[in-house]
Structure formats: C-alpha cells, structure tokens
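What follows is the residue order along each chain.
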Amino acid sequence: MAAASAAARMLPDGGADDEERWLAEGIAGVQQNAFYMHRALDSNNLKDALKYSAQMLSELRTSRLSPHKYYELYMRAFDEMRKLEMFFREETRRGSCSVVDLYELVQHAGNVLPRLYLLCTVGSVYIKSKEAPAKDVLKDLVEMCRGIQHPLRGLFLRSYLSQISRDKLPDIGSEYEGDAESINDAVEFVLQNFIEMNKLWVRMQHQGPVREKEKRGKERNELRDLVGKNLHVLSQIEGVDLDMYKETVLPRILEQVVNCKDDLAQFYLMDCIIQVFPDEYHLQTLETLLSAFPQLQPSVDIKTVLSQLMDRLSNYAASSPEVLPEFLQVEAFAKFSNAIGKVIEAQPDMPVVGAVTLYVSLLTFTLRVHPDRLDYVDQVLGACVKKLSGKAKLEDSRATKQIVALLSAPLEKYSNIVTALELSNYPRVMDYLDNATTKVMAVIEALFDLIKGLIKDMDDGDQDDELDEEDFKEEQNSVARLIHMLHNDDHEEMLKILCTVQKHILLGGPKRLTFTVPSLVFSALKLVRRLQGQDGDVTGEDVPATPKKIFQILHQTIEALSCVPSPELALRLYLQCAEAANDCDLEPVAYEFFTQAFILYEEEIADSKAQITAIHLIIGTLQRMNIFGVENRDTLTHKTTGYSAKLLKKPDQCRAVYACSHLFWTDDQDGIMDGERVLLCLKRALRIANAAQQMANATRGSSGSVTLFIEILNKYLYFFEKGIPQITNTVIQDLIELIRTEKQSDNAVVDPSTEAFFSSTLRYIEFQKQKGGSIGEKYEQIKTSS
C-alpha cells in the first residue's frame, strides 16, 4: 500500500498548489512506515524492520517536490535512518547478527534508491566494526551510488553518503587509518563523490522546459551547499598537505569546475575553493588557481571571486607580516596582474564597471602587500587607463564610483596628496570622471572645493535625496577621512584650517554632523596636545593658537550635535575634551566639559542601555582626572555616584556603584586616597546586590546569581592589596562566608560560570599566600576552605 502510494506520487506534477499536500502525504508515509519499523526493531524482527525501512525510503522517490520541500521530507527520513543505524550497531556489537551478512542482506531491497540508502547506513556500521578496511567499503558505496542518476534524488543520496562517512575516512591519525596509501583513498573517495554530485547538480539546469530555466536556477541555488560540503570535508582531512593539495586536490577540482561549463557551478565552486582552503595553500598554488579564471564562462561574475581571493590574501599578508617574503618569492602581484589582463581579454563584452572593479581590488591588494612599491601602484592605474582608452567620460554611476575608489585608495594609504600626484597615471585616470564626480575628487586639485561640495547641502535641489543611505555614509566617511588628513606644522596655520573646516561643517545639516564633527574634534585635540602647556586669556578671533582658543571652538562644535540630536556621541566628545583639558592643566575648562556631559545625561539620554554605557564612560574619565580641587571633585563624584545608584536595573546599579569606588583611590602622585569613601561605595554595592537577591527570590521564587557578590569580593581584594586600612582581612572573610551561604541556600541558582569565577577568586587568594613576604602576610589570615 505504502509502495503504491509512493509510486503514485512519482507521476508528473499538476501544479505548485498541490505541493504542500504531496509533502504532507510523503511525511505521513515516512511516519507510518517508521512506526512499523520501530515496532519490528523492538521485537528484534530484522526482516520486517528492513521491509518497512525500505518502504519508508521509497517516499524519497517522489519527483513532485521542489528541492526545498524535498529537503524537509529527506530530513524526516534521515532522522529515522540514524536511529536504524544505532540499532544495527548495537545488534552487531552484541553478536545478534553479522555485519557482513547484514551488508549482503540489505542489497536485496526491491528498489534501488531504498537499497542504496540502506547500504550506506549498514556500510557506516561495517566501517565502524573494522571488519573490513574503510577504504574498501567507501569505494564500494561511492561506486554503487552511480545507480541513481536522477539529479535531485542522486544529490541527496550522495549527501547522505557524505554525512555518514565524514568521521570514518581513513585519514592520518584516524582510527580507520590503514596503510601509507590510505590518505589517497580518503581523498579519492571525497573527490569522486564531489565530482558525481556536481554533475548531478549541473544536470538539473538542463531538465524541463526552457521557460522554467530561471526557476531551476533558483532551485539549484538552494542545493549548492550539498555540493560545497565535499570541499569543506577535503579541507578538513589532516593528510591533505600542501604537496597533495598542489599535485592532486586542486587540479582535480579545477578540472571539474572548468569542464562543467555551468556559470552557477563555476562561480560557487571557485568561491568555495577560496573560502575553505588555507591562505598559504592559495599563495603557493596561485598560478594554478589563476589559470582557471580565463577559462570560466563569460557570464560568471569573475570580478567578485577574484576580488575575494585578493582581499583574502591581502588580509593574510596584513595579519602575518612574516609571510611577505613569500609574496615576493611567488611574484603574487605579477600573477594577479597577468590574470586580470587575461580575464578582461577573454571577456571583451565585460562592462567597464567590472574591469575597473578588478583593478580596484588589485590596487587594494598592492597597497596592503607592497605599500613601498609605487611602481606597482602606477602600473595598476596605467592598466586601468589602457582599458578605458577610447571611451568618453563615464556616465555609468557604478563605474564612476569604482573610479573614485581607485583614486581614493593611494590617497588614503599614503595620507599625502603629493605622493599620489607623483604617480604618472593618476591624473590620466581622473580624466574619465564625469563632472558630478569631480566634486568628490576635487581634494586632489583644490581641497576646500571638495569640502564645499560634500560638506553641506547644495543650492540645486535635493541632491542628497538621490543618494541611497550606503552611498551617503560612504561619501561622508570620505569627508571625515579628509579632515583627518589636514595637517600643518605651523600652529597658527593649523588653527586657521580648523576654523575654516568648522565654518563649513556646521553648515552641513544634521545628517552630516555625526560624521564630520568627531573627525574635526579629534583633529583639534591633536593640535591641543602639540600646544600643551601654553595658556593665556583668549578673546576675539585673531589670537595666537592656544589650548583655550581651541577648546572654545570645540565647545561650539560639539554643541551643534544637540540639533541632530546625538546625545551619546556628544557626551563621548565632551569627555574626550575634558581629559585633554586635564592634561593642559585647565581646571575650569575641564569642569565645564564635564558639566555639559552631565546635562546631556540628565536631559537627553533616556535609554537604559545608553545610560549604562554613559555612566561607565563618565566614571572612567573622571577617575583619570587629577586637576580638580576638592570642591569641584566632590561635586562631580557626588553626581556620578548618584547617577549610578539610579540606574533602572539593580545589577547595573551595583556594578556602577562599585566602579565609583575607584574615584576615591588613585595611585598617582598627589592622587586621591580616601579609604572611608571607598568602603562606603563597596558597602552600598553590597546592599544593592542583596536587594537584587531578594527581588529575584520574590519574583521568580529562586535566589538570583551570586555573581554580583563575587565581583564585589574582587573589588575588596583589589583595594586590600592597595593597603586601604578600612579593608581588612576580617571584612573579606565575612564576604567569602556570605557568598558561601548564598550559594548553599535551598533555592540558589547553580551557574557553572559563577562557580568557576568563585573558585578562581579563591585560588588567587591561595596564590597570594604562597608568595610570602608582605603580600603573603596580608592574606595569611583569610581562610578559603569551608
């Protein structure tokens, strides 16, 4: 009955509306036969169990489901097959049946698809039993799976084979490792399975009517990971060293990629190769890998894959400077440059934006790997000019954007306009920019024209409305980078530049200020550091450059953020300025910046998470301040501790309050050393932690975590070592006992991380005891054992 139902569902489909019904019928068939299979297993009736499992697997013979729905059906059957495998394993272990006999028995299943699923399942048990070499069983299975040539059914069958075998490959160090050649057998098995799966995957594209070609492409895209997982398995095989990868693995994969002549498969598999295998393998096989690109189909998005390869290798060079000689040794730049030239030559119809994108990636690679080779940089620009030769100014906005990126890269890398202009091909590339884009690159010719063009709204309508959000951010980030590049060794001239920039950016409108104000603030603070130590009363505009004058400009600039509004950003900038004023010994200025930060906190920052971040920033900055007199410092610390105790959640209150303890004890010369107030903060934090425990008990019926108490204990230990007389070993001992009591309460929450935290703290105390000397003496009387 079930077999007849499965056969009926193999008839041509009658429309997408029935797919849910067919899926439901398939799942029902799996569940029904699985029920009978389990009943047979419970009674040790192996023959019936195999019969019902074969009928269950017959549901996977359907041709009516899309790949997405077929996957759902497959996973239902897959779960049941894992249970069947566990039964087989247990039976053979107990000696109830021979795994060899079982392997022969399942080969008599009526239909080929259920037979092969059962063979793979028993084959997994066969390998596990070690009664036959893993390589022989795997070779047998991968060959027999050729019996299924239907693309969808074959793909999932081979995916099942890959899943059940991935931990049973005869790899180096594996329990299934055989002779010296076993690693070759493991690689050959995975490669053969990959090649067959790719053929099935590609064949899907050529089935069915032409009008459904796009639909089939989308369905194939859903299945691509089934094929790609084989490459991931290959990359995880321990025995695949560089030599084997170079001589066997990569050539075999590339042969399959090139020969399949399918654009979706070629793009995906080239991307897989780049992503799953190690960077050093790519570097040492660069010529082989790059030789495949010109052979790909013209419709393949080569620029994306090739760009990803260059990005990955440039990141590799940046993260491991010691490998840079290898890049020179393999002539990576020359090979990439040559490959890009061949790709562009092989695809004469490639759009300009694609070619320029490739050169942008090559330039980025060059600037990161060979920053000292200006000749390489100029060579890339020259190759781009050659590609663009004979064309008028670009009208394609995407191509123009890539030209801008090409011209921006050297400027950002060298932070020097003069260096960029030394490149002979630089101005030749600029000739291809359209008039609208000239404003973006005007920094090369006239710096402040660029500022005027990008820093404020233009008079010719809502030009910014035409930009999408990503383009706007990119444009404004370019302006921010430009502001950072402004520099003049003459202090007076630098102040004039900052005043000019301020005048322009404050006219920019609220959308731009969050991008431009921070860059101006930090550029101005750099000048403040250079002028540190200078003083004098400042009035008017035409005055010498002094820190006070710059702080006046900064105050006006940050104040402009209030119209955005962006209170969190403004608060951060006020605190940065306060710290700089502290270093310049300007107490009134530092106090004013703190006052502005507090006003923002009280009036503008309402979100609880933002309040937590802000209060810890305030505490950290205030702790580093050493300029305030007693009255001003008391005012600020009183405000800060008050804000801390008013946070919404008790745990946040507790952490902020104990952080405030650092405001009353600093190690600097002439620093604050008020042990009484340190102790008050810590006691207050303990009370809040206790209140949090009581609230947890009242609302959830269980004690909250004791993590807060352990955190406070660590603060006590910190100040204990600092020698604060109010923090005694008795106080610490009492706190340890309190934590133990809380942990042992009937309704306490047992958290492994909290247990580990407490144990580490106690181990630290014991470690300090063992040091001996004055430190050991201090800790000697603290008992850590219960």
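Residues numbered from 1 in each chain as written. Predicted model: local features only at pLDDT ≥ 70, side-chain atom pairs only at ≥ 80, totals over all residues. Heavy atoms only, no water.

### Some words on the overall build of the chain
- Helix and strand counts for the chain stand at 38 helices and zero strands.
- Burial analysis of the chain (786 residues in total) assigns 51% to the buried set.
- Pairs at least 24 apart in sequence give 70% of the contacts found in the chain among residues at least 6 apart.
- Accessible surface, the chain: about 37,000 Å² in total, of which carbon and sulfur atoms supply 49%. (Helix = DSSP H or I, 4+ residues; strand = E, 2+ residues; numbered from the N terminus. Buried < 20%, exposed > 50% of the residue type's maximum accessible area, 1.4 Å probe, protein only. Contact = heavy atoms within 4.5 Å. Areas by Shrake-Rupley, 256 points an atom, 1.4 Å probe, with all protein chains shown as cover.)

### Description of the packing of aromatic side chains
- Summed over all chains, the structure comprises 27 aromatic pairs.
- Relative to phenylalanine 628, the ring of phenylalanine 594 lies with its centre 6.1 Å away and its plane at 75 degrees, an arrangement referred to as edge-to-face. Remark: phenylalanine 628 occurs in the loop between α31 (608–624) and α32 (630–645) and phenylalanine 594 occurs in helix α30 (residues 587–603); sequence separation between them is 34 residues. Pair check on accessibility: phenylalanine 594 and phenylalanine 628 agree, each one buried.
- The ring centre of tryptophan 201 lies 4.6 Å from the NZ or CZ of arginine 220, which sits over that ring.
- The residue whose ring lies beneath lysine 778 is phenylalanine 720, and the NZ or CZ to ring-centre distance is 4.4 Å. (Phe/Tyr/Trp six-rings, centres within 6.5 Å; stacked < 30°, edge-to-face > 60°. Lys NZ or Arg CZ within 6 Å of the ring centre and 35° of its normal.)

### Describing the pattern of salt bridges
- Following the criterion strictly, the structure yields 28 salt bridges and no others.
- In this structure, arginine 94 and glutamate 91 form a salt bridge, with 2.3 Å as the shortest nitrogen-oxygen distance. With a gap of three residues between them, arginine 94 and glutamate 91 both fall in helix α4 (residues 67–94), about one helical turn apart.
- Residue classification places glutamate 91 among the buried positions, given a relative accessible area of 9%.
- A salt bridge links arginine 373 to aspartate 375, with the shortest nitrogen-to-oxygen separation between them at 2.7 Å.
- A cluster of three or more residues bridged by salt bridges with shared partners is formed by Asp18, Arg21 and Glu25. (Salt bridge = Lys/Arg side-chain N within 4 Å of Asp/Glu carboxyl O.)

### Digging into unusual backbone geometry
- Although it is not a glycine, lysine 130 adopts a positive phi angle of roughly 65 degrees.
- Considering the arrangement of structural elements, one finds lysine 130 in the loop between α6 (112–129) and α7 (134–144).
- The exposure class assigned to lysine 130 is partly exposed, which follows from its relative accessible area of 48%.
- In this model, aspartate 585 sits at a positive phi of 65 degrees, which is unusual for a non-glycine residue.
- Structurally, the position occupied by aspartate 585 is in the loop between α29 (567–583) and α30.

### Re helix α18 (residues 352–369)
- Taking 1.5 Å as the rise per residue, α18 with 18 residues should run 26 Å; its terminal C-alpha atoms sit 26 Å apart, in good agreement.
- In terms of burial, α18 is a largely internal element, 16 of the 18 residues being buried. (Expected span 1.5 Å × (residues − 1).)

### Looking at the side chain of histidine 662
- Assignment of secondary structure puts histidine 662 in the loop between α33 (650–660) and α34 (675–700).
- Among the polar contacts made by the side chain of histidine 662, one reaches the side chain of lysine 715 at a distance of 2.7 Å.
- Setting aside residues no more than four positions away along its own chain, histidine 662 makes contact with Gln623, Lys715, Tyr718 and Phe719. (Polar contact = N/O pair within 3.5 Å; in protein donor to acceptor, adjacent residues only side chain to side chain.)

### Side note on the packing of helix α10 (residues 213–236) against helix α12 (residues 263–276)
- Where α10 meets α12, the axes come as close as 10 Å, and the angle between the chain directions of the two elements is 30 degrees. Crossing handedness for the pair α10 and α12: right-handed. Together, Gly217, Arg220, Asn221, Arg224, Asp225, Val227, Gly228, Leu231, His232 and Ser235 of α10 and Leu264, Ala265, Tyr268, Leu269, Cys272, Ile273 and Val276 of α12 make up the contact between the two elements.
- Tallied by class, the residues present in the contact of α10 with α12 amount to nine nonpolar, five polar and three charged. (Axes fitted to C-alpha atoms, helices over the stretch in contact; angles between N-to-C directions. Left-handed = near helix turned anticlockwise from the far one by under 90°. Nonpolar A, V, L, I, M, F, W, Y, C, P; charged D, E, K, R; others polar.)

### Things to note about the environment of glutamine 726
- Of note, glutamine 726 is situated in the loop between α35 (707–722) and α36 (729–744).
- A sequence separation of 52 residues divides glutamine 726 from aspartate 674, and the C-alpha atoms of the two residues are 9.8 Å apart.

### Observations concerning helix α19 (residues 374–388)
- Its 15 residues give α19 an end-to-end C-alpha distance of 21 Å, which sits within 8% of 21 Å, the value for a rise of 1.5 Å per residue.
- The inward-facing, buried residues of α19 abut α17 (332–346), α18, α20 (397–414) and α22 (426–430).

### Considerations on the side chain of histidine 370
- Within the secondary structure, histidine 370 sits in the loop between α18 and α19.
- Discounting chain neighbours no more than four positions away, the residues touching histidine 370 are Phe327, Leu328, Phe333, Phe365 and Tyr376.

### Overview of the confidence of the model for the chain
- Overall, the prediction assigns the chain a mean pLDDT of 84, with 88% of residues at 70 or greater.
- Here residues 436–451 is modelled with pLDDT under 50, and outside its nearest four sequence neighbours on either side it reaches 40 contacts, counting other chains as well.
- Of the regions scoring below 50 in pLDDT, residues 460–464 engages in six contacts with residues more than four places distant in sequence or in other chains. (pLDDT = per-residue confidence, 0-100.)

### Regarding the environment of valine 137
- One can find valine 137 in helix α7.
- Of the residues examined, valine 137 reaches a relative accessible area of 3% and is grouped as buried.
- For the pair valine 137 and isoleucine 127, spaced 10 residues apart in sequence, the C-alpha separation works out to 6.9 Å.
- What valine 137 contacts, discounting residues up to four positions off in sequence, is Tyr103, Gly123, Tyr126, Ile127 and Ala132.

### Looking at the state of the cysteines
- Using the criterion set out here, one finds zero disulfides in the structure.
- Cysteine cysteine 660 shares no disulfide, and the gap to the nearest cysteine sulfur, in cysteine 681, comes to 5.7 Å.
- Accessibility expressed as a relative area gives 0% for cysteine 660, which makes it buried. (Disulfide = S-S within 2.5 Å.)

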